[in-house]
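A look at the structure
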Amino acid sequence: MASGRTRTVRASVWLSDRRAPKRRTEPSGHPGQSGHSGQPGHSGPGGAAGAGAETGAGTETGAGAAAAAGTGIGTGSGAAAEQPAGLDLDRIVAATVRLLDAEGLAKFSMRRLAAELGVTAMSVYWYVDTKDDLLEYAVDAAGAELELPEVDDEADEADEADEDTAADWRDQLRQLAATNRAMLVRHPWVSRLIGEYLNIGPNSMAFATAAQRVVIRSGLPMEQIPGALALVYQFVYGFGTIESRYAANCREAGLTEDEYFDAVMATVDGRPEFEESQRLMEARPSTDVASMRAHDFEVALDCAIAGIEVLRDRARRDDGARRENAER
């Protein structure tokens, strides 16, 4: 039974029609809504998880930051806040990405960002309403690094009859998976945030559209394409997230990735419960972490592609059998 309490669902910043900062006044202690100037570039893909009332990632607002910073904004003075000079949304988002890369999501705050930019905390709120909005912009900015294959719409129809025309969809899917993995490793905080927001920024949508077009060219039935995309998305998300977490653990321990791996393997060497794992390790073509990881990623992606081909071929056989039965 419903509790009777209503929960406000946070909408995506990309659905807002406010794009330009405006002069605002605070006549009675309630700060006005600031706008947004410009649209930064994007990513992270990874599925659209609905956002709640406010995410754990960030809930700071202009009013709260003003009180914390002691700026006088939102105190009922009625004074107009002037737009800060030399500041724009692209610069703010770029600084946000740098800070998140350097210090992580847990240490990020609007006050820390303002210090990095050399402005007051309230200056940032000329361009974003909340910390969540800014983090959503940052996720899409990271996605600007994704390298997308050229998918010709006209070639899509041709490929249904001749799969050897144009670029191979398998290679293009591998390219999308590789660039997504690399982005997740470069920006570990993205893994957390793409589960917090809708991910419908321009770069996220460009990636999603490219992936959809590539898998459509495989010949897989349309009703099975979302499942195939989910398989690839979630595999890459998990692989990249674990890879970035492992790298962070190594840095915290002051060890290289190979040194950390060797230390772990030394603790299980000779233990009977790890016998099968050790046999698998001995069968590997290489033993350094980077090479093992690259090999595993390639094999796993080949398994996913092979699965798509099996489903496609099965659907074609079933369709052919249905047509043959209908003609009898």
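Scroll up to find the structure.
Quantities reported herein were computed from a predicted structural model and do not represent experimental measurements.

1. Observations regarding the overall build of the protein chain
Helix and strand counts for the protein chain come out as 13 helices and two strands. Taking all 328 residues of the protein chain together, the buried fraction comes to 41%. For the protein chain, the accessible area works out to roughly 17,200 Å², and carbon and sulfur atoms hold 52% of it.

2. What about the environment of alanine 211?
Looking at the element boundaries, alanine 211 is found in helix H9 (residues 202–216). Since its relative accessible area comes to 3%, alanine 211 is described here as buried. Spatially, the C-alpha atoms of alanine 211 and glutamine 172 are 8.5 Å apart, while their sequence positions differ by 39 residues. With sequence-adjacent residues up to four places away left out, alanine 211 is seen in contact with Leu176, Leu229 and Tyr233.

3. Things to note about empty space enclosed by the protein
In this approach, a probe sized like a water molecule rolls over the atoms, and the result shows the empty space that is left. Its volume calculated, the largest cavity comes out at about 70 Å³. Taken together, Leu173, Leu176, Ala177, Asn180, Phe207, Ala211, Leu229, Val232, Tyr233 and Val236 form the lining of the largest cavity. Listing elements by their share of the lining of the largest cavity, those giving two or more residues are helix H7 (169–186), H9 and helix H10 (225–253). Residues that form the lining of the largest cavity fall into these classes: nine nonpolar, one polar and no charged.

4. A word on the nonpolar core
What tends to happen in soluble globular proteins is that the nonpolar side chains get buried as a cluster. If you look at the biggest cluster of nonpolar residues, it comprises 62 residues, and the most contacted ones within it are Ile92, Leu113, Val124, Leu134, Leu173 and Trp189. If one sorts the elements of this core by residue count, H10 sits on top with eight residues. Every residue in contact with leucine 113, bar those within four places of it in the chain, is listed here: Ile92, Ala95, Thr96, Leu99, Phe108, Val124 and Leu134. Within the second largest apolar cluster, six residues are counted, among which are Tyr246, Cys250, Met281 and Val289.

5. Structural notes on unusual backbone geometry
We note that asparagine 199 has phi near 55°; this positive angle belongs to a residue other than glycine. Looking at the element boundaries, asparagine 199 is found in the loop between helix H8 (189–193) and H9. For asparagine 199, a relative accessible area of 9% puts it in the buried group.

Quick notes on the rules
As a convention, each chain's residues are numbered from 1 in the sequence order in which they are written. Local features in this predicted model are restricted to residues whose pLDDT is 70 or higher, and side-chain atom pairs enter the listing and the counts only when it is 80 or higher, whereas totals over whole chains, interfaces and linings include all residues. Hydrogen atoms and water are omitted, and side-chain values are computed over all heavy atoms in the structure. Numbered from the N terminus, helices here are DSSP runs of H or I no shorter than four residues, and strands are runs of E no shorter than two. Relative accessible area decides the class of each residue, using a 1.4 Å probe on protein chains only: under 20% of the type maximum gives buried, over 50% gives exposed, and in between gives partly exposed. Using the Shrake-Rupley algorithm and a 1.4 Å probe, accessible areas are obtained, with residue cover drawn only from the displayed protein chains. In this analysis, two residues are considered to be in contact whenever any of their non-hydrogen atoms come within 4.5 Å of each other. Note on definitions: the grid is 1 Å and covers protein atoms alone; a cavity is a set of points where a 1.4 Å probe fits but cannot get out; a pocket is an open set with protein on both sides within 12 Å along at least five of seven lines; lining residues have an atom within 4 Å of a point. Grid points are joined across faces, edges and corners, and a volume is the space filled by probe spheres set on the points. Polar here means any residue outside two lists: the nonpolar Ala, Val, Leu, Ile, Met, Phe, Trp, Tyr, Cys and Pro, and the charged Asp, Glu, Lys and Arg; Gly therefore counts as polar. Nonpolar core, defined: a set of buried Ala, Val, Leu, Ile, Met, Phe, Trp, Tyr and Cys residues in which side-chain atoms within 4.5 Å join the residues together.

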